[in-house]
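Here is how the chains run, residue by residue.
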Amino acid sequence: MNPRLSAHPEPQISTAVLIGILRSLLMQYARTPSPSIAGNIANCLDKLLSHPQFDEPPQERCTYLYMRTYWRLVESLG
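Reference entry: report on the structure contained in this document. Residue positions are given per chain, counting from 1 as you read along its sequence in written order. Residues qualify for local features only when their pLDDT is at least 70, as the model is predicted, and side-chain atom pairs are given and counted only at 80 or more; totals for whole chains, interfaces and linings, by contrast, use all residues. To obtain the side-chain values, all non-hydrogen atoms of the structure were used and water was disregarded.

Focus on the environment of Gln12
Piece 1. For the purposes of this entry, the term helix denotes a DSSP run of H or I that reaches at least four residues, the term strand denotes a run of E that reaches at least two, and both are numbered from the N terminus. Structurally, Gln12 can be placed in the loop between α1 (3-7) and α2 (15-31).
Piece 2. Judged by relative accessible area, which is 53%, Gln12 ranks as exposed.
Piece 3. Residues Gln12 and Lys47, 35 residues apart in the sequence, show an inter-C-alpha distance of 9.7 Å.
Piece 4. With residues near it in sequence (within four places) discarded, Gln12 still touches His51 and Pro52.
Piece 5. Each polar contact in these results corresponds to two N or O atoms within 3.5 Å; when the atoms are within protein, one needs to be able to donate a hydrogen and the other to accept it, and residues that are neighboring in sequence are counted only if both atoms are side-chain atoms. Side chain to side chain, Gln12 and His51 meet in a polar contact 3.2 Å long. To sort residues, take the accessible area from a 1.4 Å probe on protein chains only and compare it with the maximum for the residue type: under 20% means buried, over 50% means exposed, and anything in between is partly exposed. Only heavy atoms enter the contact rule, under which two residues are in contact if any of them lie within 4.5 Å.

Quick word on helix α4 (residues 58-77)
Piece 1. A helix is expected to reach a length of 1.5 Å times the quantity of its residues less one. Between its terminal C-alpha atoms α4 stretches 29 Å, which fits the 28 Å expected from 20 residues at 1.5 Å a residue.
Piece 2. When α4 is considered as a whole, its buried residues turn out to be Tyr64, Trp71 and Val74. For α4, the angular spread of buried residues about the axis comes to 80°, placing them on one side. Projecting away from the buried face of α4 at angles above 90 degrees are the exposed residues Pro58, Gln59, Tyr66, Thr69, Ser76 and Leu77.
Piece 3. Backbone geometry just downstream of α4 places Gly78 in the positive-phi region, at approximately 70°. For this quantity, the arc is that covered by the directions from the helix axis to the C-beta atoms.

Here it is, written out as structure tokens:
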């Protein structure tokens, strides 16, 4: 393991910024659908769901989990 990587953890992006990025990616996909953008949407949802300050109620969190599953499927179908 590279000690330089563990010495400088990745800075945490706020949930508000992640939601803004998610909206932007969704609009980008609506204009030009592609598996790559679908993957980026799923990655953004992964970051949001694992964020320590993402404290949505269980039902809303479940919606984000379903969204991530959907976008992974879209990515894999190409």
